[in-house]
Amino acid sequence: MTEKDYSKLIEIVGKDYFIKGEEDIESFLYDQVEKTFRPKADKRSVAVKPANTEELSEIMKYANQEKIPVVVRGGATGLCGGCTPTEESIIISMERFNHIVEIDEKNMVAVLEAGVTLMQFLEELDKYKGIGFPVHPGDEGAQMGGMAATNAGGARAVRHGVMRKHILGLEVVLPTGEILELGGKLVKNNAGYNLTQLILGSEGTLCIITKVILKIFPNDSYTASIVAPFEKFEDATNAVMEILKSGVSPLAVEYMDKFLWEGSSKALGMKWQAEKGEADLLIMLSEKTEQALIDDCRVINEICEKNHSYDTLYAEKKQEQLDLLHIRGEQYNFKKDWLYDSFDMAVPISHIAEFIHDLKRLAKEYNAGSSLLAHIADGNVHNDMWLVDGKAPEYAEELKNRMYEACFSYGGTITGEHGVGKIRRTDLEMMKDPREIEIYRGIKAVFDPNGILNPGSVIA
Ligand SMILES: Cc1cc2nc3c(=O)[nH]c(=O)nc-3n(C[C@H](O)[C@H](O)[C@H](O)COP(=O)(O)OP(=O)(O)OC[C@H]3O[C@@H](n4cnc5c(N)ncnc54)[C@H](O)[C@@H]3O)c2cc1C
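The rules we used
Residues numbered from 1 in each chain as written. Predicted model: local features only at pLDDT ≥ 70, side-chain atom pairs only at ≥ 80, totals over all residues. Heavy atoms only, no water. Helix = DSSP H or I, 4+ residues; strand = E, 2+ residues; numbered from the N terminus. Buried < 20%, exposed > 50% of the residue type's maximum accessible area, 1.4 Å probe, protein only. Contact = heavy atoms within 4.5 Å. Areas by Shrake-Rupley, 256 points an atom, 1.4 Å probe, with all protein chains shown as cover. Lys, Arg positive; Asp, Glu negative; His and termini not counted. Charge placed at Lys NZ, Arg CZ, Asp CG, Glu CD. Domains from an automatic or database assignment. Buried area = accessible area lost by both parts, 1.4 Å probe. Salt bridge = Lys/Arg side-chain N within 4 Å of Asp/Glu carboxyl O. Polar contact = N/O pair within 3.5 Å; in protein donor to acceptor, adjacent residues only side chain to side chain. Expected span 1.5 Å × (residues − 1). Pairing = 2+ DSSP bridges. Core = buried A, V, L, I, M, F, W, Y, C linked by side-chain atoms within 4.5 Å. 1 Å grid on protein atoms, 1.4 Å probe; cavity = no way out; pocket = protein on both sides within 12 Å on 5 of 7 lines; lining within 4 Å. Points joined across faces, edges and corners; volume = space filled by probe spheres on them. Nonpolar A, V, L, I, M, F, W, Y, C, P; charged D, E, K, R; others polar. Axes fitted to C-alpha atoms, helices over the stretch in contact; angles between N-to-C directions.

Trainee: I'd like a rundown of the overall build of the chain, residues and numbers included.
Mentor: The helix and strand inventory of the chain stands at 15 helices and 19 strands. Relative to its 460 residues, the chain shows a buried fraction of 53%. Contacts in the chain between residues far apart in sequence, at least 24 positions, make up 73% of those at least 6 positions apart. Total accessible area on the chain stands at roughly 20800 Å², and carbon and sulfur atoms take up 50% of it. Where the 52 positive side-chain charges of the chain centre and where its 73 negative ones centre are 2 Å apart.

Trainee: Describe the domain arrangement of the chain, and please don't skip the residues or the numbers.
Mentor: The domains assigned to the chain are domain 1 (3–95), domain 2 (100–218), domain 3 (222–335) and domain 4 (343–434). Measuring from the centre of the C-alpha atoms in domain 1 to the corresponding centre in domain 4 gives 31 Å. Taken together, the contact pairs eleven residues of domain 1 with nine residues of domain 4. Both faces considered, domain 1 and domain 4 share a buried interface measuring about 730 Å² in area, 70% of it formed by carbon and sulfur atoms. When the area that domain 1 buries against domain 4 is broken down by residue, the three leading residues are Phe37, Leu79 and Cys80, summing to 61%. In this assembly, domain 1 and domain 4 are joined by zero salt bridges. Taken together, the links from domain 1 to domain 4 amount to four residue pairs in polar contact (both at pLDDT 80 or more).

Trainee: Could you give an account of helix 3 (residues 53–66), naming the residues involved and the relevant values?
Mentor: The end-to-end C-alpha distance of helix 3, which contains 14 residues, comes to 20 Å, matching closely the 20 Å that a straight helix rising 1.5 Å per residue would cover. Taken as a whole, helix 3 has its buried residues at Thr53, Glu55, Leu56, Ser57, Ile59, Met60, Tyr62, Ala63 and Asn64. Sitting at the head of helix 3, Asn52 places a side-chain oxygen 3.3 Å from the backbone nitrogen of Glu54. Just beyond helix 3, the residue with positive phi is Lys67, at close to 55°.

Trainee: Break down the pairing of strand 13 (residues 252–257) for me, with residues and values.
Mentor: Within strand 13, six of the six residues are buried, which leaves the element mostly enclosed by the surrounding structure. Alternating positions in strand 13 separate into two faces, Ala252, Glu254 and Met256 on one and Val253, Tyr255 and Asp257 on the other, with burial throughout. Relative to strand 14 (residues 279–287), strand 13 runs antiparallel, the two sharing six bridges. Opposite Tyr255, over in strand 14, you have Leu281 as the bridge partner. Here strand 13 pairs with strand 18 (residues 370–375) via three bridges, running antiparallel. Directly across from Met256, in strand 18, lies its bridge partner Leu373.

Trainee: Could you give an account of the side chain of Ser202, with specific residues and numbers?
Mentor: With respect to the secondary-structure elements, Ser202 resides in the loop between helix 7 (195–199) and strand 10 (208–215). For Ser202, a relative accessible area of 10% puts it in the buried group. When near neighbours in sequence (up to four residues on either side) are disregarded, Ser202 contacts Ala149 and Val458.

Trainee: Before we move on, can you summarise the nonpolar core with the specific residues and values?
Mentor: Ranked by internal contacts, the top residues of the largest apolar core, which has 57 residues, are Leu281, Ile283, Phe355 and Ile376. Among residues more than four places away in sequence, those in contact with Leu281 are Ile226, Val227, Ala228, Phe230, Ala236, Val240, Glu254, Tyr255 and Ile376. Of all hydrophobic cores here, the second largest spans 55 residues; its members include Val13, Met144, Leu200 and Val212.

Trainee: Give me the lowdown on the layout of surface pockets, citing residues and values where you can.
Mentor: In this structure, the second largest pocket occupies an estimated 630 Å³ of space. Lining the second largest pocket are 27 residues, with Gly201, Ser202, Glu203, Tyr440 and Val458 sitting closest to its centre. When residues in the lining of the second largest pocket are grouped by element, the largest group, three residues, is from helix 15 (residues 434–447). Its residues placed into classes, the lining of the second largest pocket shows twelve nonpolar, ten polar and five charged. Looking at the lining of the second largest pocket, you find at least three residues from each of domain 2 (100–218) and domain 4 (343–434).

Trainee: So what about the sheet that holds strand 4 (residues 90–93)? Which residues, and what values?
Mentor: Strands sit in the order 1-2-4-3 across an open sheet of four strands; the sheet is mixed. Each edge of the open sheet is held by one strand with a lone partner, namely strand 1 (18–19) and strand 3 (70–73). Relative to strand 4, strand 2 (residues 46–48) runs parallel, the two being bridged by three bridges. By the bridge assignment, Val48 is partnered in strand 4 with Ile92. Sheet strands touched by helix 3: strand 2, strand 3 and strand 4. Its angle to strand 4, the strand with the most contacts, is close to 165°.

Trainee: Lay out the side chain of Arg159 in plain terms, naming residues and giving numbers.
Mentor: Here Arg159 shows up in helix 6 (residues 157–160). Here Ser249 takes part through its backbone oxygen, which lies 2.7 Å from a polar atom of the side chain of Arg159. Not counting the four nearest positions on each side in its chain, Arg159 is found in contact with Lys165, Asp220, Ser249, Pro250, Leu251, Ser286 and Glu287.

Trainee: Describe the environment of Ala292, naming the residues involved and giving the relevant values.
Mentor: Among the structural elements, Ala292 can be located in helix 10 (residues 290–306). Residues Ala292 and Tyr222, spaced 70 residues apart in sequence, show a C-alpha to C-alpha distance of 8.8 Å.

If you want it as structure tokens, here you go:
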């Protein structure tokens, strides 16, 4: 980029919202992907913080005309290097798009600027007693635009699904600078191709999301969590499948390796209460009435007992439930210094037990350090490969390919929720028909004829 480019950007956003220079740019370069796995950032990049859609549109028109790469940065909680500029780029920081436009209680819809964080949104909804939003990836610093762009999931997807189930409309700026309004507050809308759904999960490669219109929900008043310890992993997964068939709709069903439950508890100064068993499930429930919650607990208890669980433990008090959530959340801090790569594969849930056995068998075969947790009722497994002496293991690529082979043999995917970003692009090509990738390229060319938006992400 040249002085002329810098001047133009300053003219659009003002000098206080233009950041340049190796030191100052550092905090705009990376997301939360493991440090050893980060894509190499181009530090010649500059960052801008536009105030509104019009400024953003002006930036895009200029970037498109000059063919300067542009990378959008949301909350930077992503786990696949998506917002890292690997070429000299304009980084668009969405932090000033932080206005809650409307909480429309009549339509049960919220209209939010894309830079509103999940935490900010949930705090706002707290003011409207009894209204909530269910999608919750682990880090509340994620922005609504980033969550839409990555089609985020999280533990509660068992009952509520992922972001694409909740978004009714978008405002977007195309790479050419044009502004489009897509969808709206409509429950039913069958007019034309559904571009909103195409953009969700496109990871900032097709356009920049500036506004989201999404559904909000009446909160459940009664909640409880159950810890169900099993000796055998198969018993735990059989119980999960029976629970899903029973008509009980859990909010979340989480599995973690026992040492993760225990280690995370210890790191928080607590004790993991399930002493017996090797396969502990955390089952979270919420219902509108107390009786419905009691009925859920009874059904789950019967199913767990039938599948040979040890005594199930109940957390009814708010604080006890929060403690379990904290322990589940702490696992990331507990293990993060050992991580080389964290995977996000998903298989049909009928194959989850076999698949997890495969992953553990393969880790053993390579004598690899590993840990595993799963949004088990979604078939979504996050297994980790650890560093060896602080470095990438020699067997990393081979082991990864063998894990993928196992995953594909069950009809699985390389990513259930985190996305492709810059670190899984070649992995995506392993699982997709070349014709499908060719169609992606065609779609990309229609949105972004000069290929300026987030180059190196998702597809080459
Ligand atoms: C501890 C932890 C736990 C997590 N748990 C989960 C989980 O359970 N489930 C889950 O799905 N994810 C999880 N994540 C990943 C992450 O929180 C999600 O991917 C989140 O949706 C990213 O949002 P963000 O605003 O941080 O996006 P960023 O990281 O800033 O960006 C992600 C991608 O979206 C693009 N992008 C961002 N904003 C926009 C926009 N306005 N318009 C167009 N493109 C944009 C970026 O260019 C990039 O390619 C977790 C992350 C952490 C750190």
